Amino acid sequence: MPVLNIIQAVNDELRVEMRRDPQVVVLGEDIGKFGGVLRATLGLVEEFGTDRVIDTPLAEAGIIGASIGMALYGLKPVPEIQFSDFIFPAFDQIVNELAKIRYRSGGQYRAPVVIRTPVGGGIKGGHYHSQSPEALFIHTPGLQVVCPSNPYDAKGLLLSCIRQDDPVIFMEPKRVYRASRNEVPEGDYTIPLGQARVVREGKGMTVIAWGAMFHEAEQAAAQAPELDVELIDPRTLWPLDIEAITRSVRKTGRCAIVQEAPRTNGFAAEISSLIQERCFTSLEAPVSRITGYDTPFPYTLENDYLPLAPRVLKSLRDLAAYQA
């Protein structure tokens, strides 16, 4: 079984699905001969041609608008937004059009568009190439939001996204694009959407983290075995596998959530609220949020901004020590 990184797994998945389904097309800025700015589509145009691997102008609203039209006419477009920070010119198309097509048509029309985009910091990208906007799209009814942390999940989840009929924001953590490596089966396999993965079982506390921050949480848990952490990777942020989370929190009584995005109104706040509603009598401490700060993402101070393993570990120890 080959060992791949996330970029290679995404590229492999696109080949698998484009070979299987001639309705699948990819489009975006520099995704053709250049292979994308981060090389996720490298080599696809040579195999599938320019009718299915489409270089577009630098116009995100146009990329998503064209994708919506393609989907309504029976294609399965997989547009790439070069960095998630550049998705905002297309925000109206995504939120006011794409997310509402099934609802406004009473289920007569669907728009199976899977928008791939790299998210997060850690690559010295500064405040225009480092944001984590998942909460904005989770807040929008009609959208699914997926964020894998490793190559195996990236391929299996992306296949599942393309094969269903609702729009998806597929967020790829670029900080670990090449750092995260594991065995990835060749050919076809899928991972169901809405199904979290309990990566590490424990009884001391539940820790929830996704994308690049999953690896920071995993490192922190490994450094403190006495905390007996149960570590959960949601994989699909929305729909969220709240049942897996509540089962864990009812067992451990303590919970921490790690997100890279700013603290206020982030997705960690929503998860915390869901836990409070379902697990209030099981909690032995307030739910802890370990997050980025409420500032633009910095350039020189990005390692201070990111909730890296040392900060996560300190917060987990504080959580363990809490006494009502």
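It should be emphasised that the depicted structure is a prediction, and the values quoted were computed from it without experimental measurement.

Thresholds applied
- What you see as residue numbers is a count from 1 along each chain, following the sequence as written.
- With pLDDT at 70 or above as the cut-off, local features in this predicted model cover only qualifying residues; side-chain atom pairs require 80 or more to be listed or tallied, and sums for whole chains, interfaces and linings still use all residues.
- Based on all heavy atoms of the structure, the side-chain values leave hydrogens and waters out of the count.
- Working definition: helices are DSSP H or I runs of at least four residues, strands are E runs of at least two. Numbering for both runs from the N terminus.
- The globule rule used here is 2.2 Å times the number of residues to the 0.38 power, and the radius of gyration it is set against is calculated over C-alpha atoms.
- Each residue is assigned to one of three classes by its accessible area relative to the maximum for its type, calculated with a 1.4 Å probe on protein chains only: buried under 20%, partly exposed between the two thresholds, exposed over 50%.
- The contact criterion used throughout is that any non-hydrogen atoms of two residues lie within 4.5 Å.
- Each accessible area is a Shrake-Rupley estimate made with a 1.4 Å probe; only the visible protein chains count as cover when residues are assessed.
- Using a grid of 1 Å spacing that covers the protein atoms alone, one calls a set of points a cavity when a 1.4 Å probe fits there but cannot get out, and a pocket when the set is open and has protein on both sides within 12 Å along at least five of seven lines; lining residues are those with an atom within 4 Å of a point.
- Grid points are joined across faces, edges and corners, and a volume is the space filled by probe spheres set on the points.
- Note that Gly is not counted as nonpolar here; it falls among the polar residues with everything else outside the nonpolar set of Ala, Val, Leu, Ile, Met, Phe, Trp, Tyr, Cys and Pro and the charged set of Asp, Glu, Lys and Arg.
- Disulfide: a pair of cysteine sulfur atoms within 2.5 Å of each other.
- Classification of ring pairs uses Phe, Tyr and Trp, with its six-membered ring standing for Trp, and accepts pairs whose centres are within 6.5 Å; under 30 degrees between planes counts as stacked, over 60 as edge-to-face, and the remaining range as tilted.
- Definition used: whenever NZ (Lys) or CZ (Arg) falls within 6 Å of the ring centre and also within 35 degrees of the ring normal, the charge is taken to sit over that ring.
- By definition, two strands form a pair when at least two bridges between them are found by DSSP.
- Working convention: axes come from line fits to C-alpha atoms, limited for helices to the stretch in contact. Angles between N-to-C directions cover 0 to 180 degrees.

(A) Structural detail: the overall build of the chain. Secondary structure assignment for the chain yields twelve helices and 14 strands. Compactness check: the chain gives a C-alpha radius of gyration of 19 Å against a globular reference of 20 Å for 324 residues, within 12% of the reference. Dimensions of the chain, computed from C-alpha atoms along their principal axes, come out at roughly 60 × 40 × 40 Å. Split into buried and exposed, the 324 residues of the chain put 56% on the buried side. Of all intrachain contacts in the chain linking residues separated by at least 6 positions in sequence, the fraction that spans at least 24 positions is 81%. Accessible area for the chain stands at about 13500 Å²; split by element, carbon and sulfur atoms hold 52% of it.

(B) Region of the structure containing empty space enclosed by the protein. Enumeration according to the criterion identifies two cavities of 30 Å³ or more in this entry. The space that makes up the largest cavity amounts to roughly 110 Å³. Of all the secondary structure elements, the ones that give two or more residues to the lining of the largest cavity are strand 7 (168–173), helix 8 (212–223) and strand 13 (255–262). When the residues that make up the lining of the largest cavity are grouped by side-chain class, the tally is nine nonpolar, three polar and two charged. Volume-wise, the second largest cavity comes out at about 40 Å³.

(C) Spatial organisation of the layout of surface pockets. Each pocket or cavity is described by its volume, and for the largest pocket that value is around 500 Å³. Forming the walls of the largest pocket are 25 residues, and the residues nearest its centre are Ala135, Leu136, Asn265, Gly266 and Phe267. Of all the secondary structure elements, the ones that give two or more residues to the lining of the largest pocket are helix 6 (134–138), strand 13 and helix 10 (267–279). Among the elements that line the lining of the largest pocket, the one with the most residues is helix 6, at four residues. Per-class residue counts for the lining of the largest pocket are 13 nonpolar, nine polar and three charged.

(D) Spotlight on the state of the cysteines. Applying the stated rule across the entire model yields zero disulfides. Free of any disulfide, cysteine 161 has its nearest neighbouring cysteine sulfur in cysteine 147, separated by 11 Å. Given a relative accessible area of 1%, cysteine 161 falls into the buried group. Cysteine 255 forms no disulfide, and the closest cysteine sulfur to it belongs to cysteine 279, at a distance of 8.3 Å. With a relative accessible area of 0%, cysteine 255 lands in the buried category.

(E) Summary view of the packing of aromatic side chains. Applying the stated criterion across every chain yields a total of seven aromatic pairs. Geometrically, the ring pair formed by phenylalanine 83 and phenylalanine 86 is edge-to-face, given 5.6 Å between the ring centres and 75° between the ring planes. By relative accessible area, phenylalanine 86 is classed as partly exposed at 22%. Relative to tyrosine 305, the ring of phenylalanine 297 lies with its centre 4.7 Å away and its plane at 55°, an arrangement referred to as tilted. Exposure class is identical for phenylalanine 297 and tyrosine 305. Each is buried. An aromatic cluster is defined as three or more aromatic residues linked by ring pairs; in this entry it consists of Trp210, Trp238 and Phe267. The ring of tyrosine 299 is capped by lysine 124, whose NZ or CZ atom sits 5.5 Å from the centre of that ring.

(F) Looking closely at the sheet that holds strand 13. Strands sit in the order 9-11-10-13-14 across an open sheet of five strands; the sheet is mixed. The open sheet has two edge strands with one neighbour each: strand 9 (197–200) and strand 14 (288–292). Pairs of neighbouring strands in the sheet enclose a mean axial angle of 25°, with direction left out of account. Docked against the sheet, helix 10 engages strand 10 (205–209), strand 13 and strand 14, running at close to 155° with respect to strand 13.

Geometric descriptors of this kind do not, in isolation, establish any biological role.
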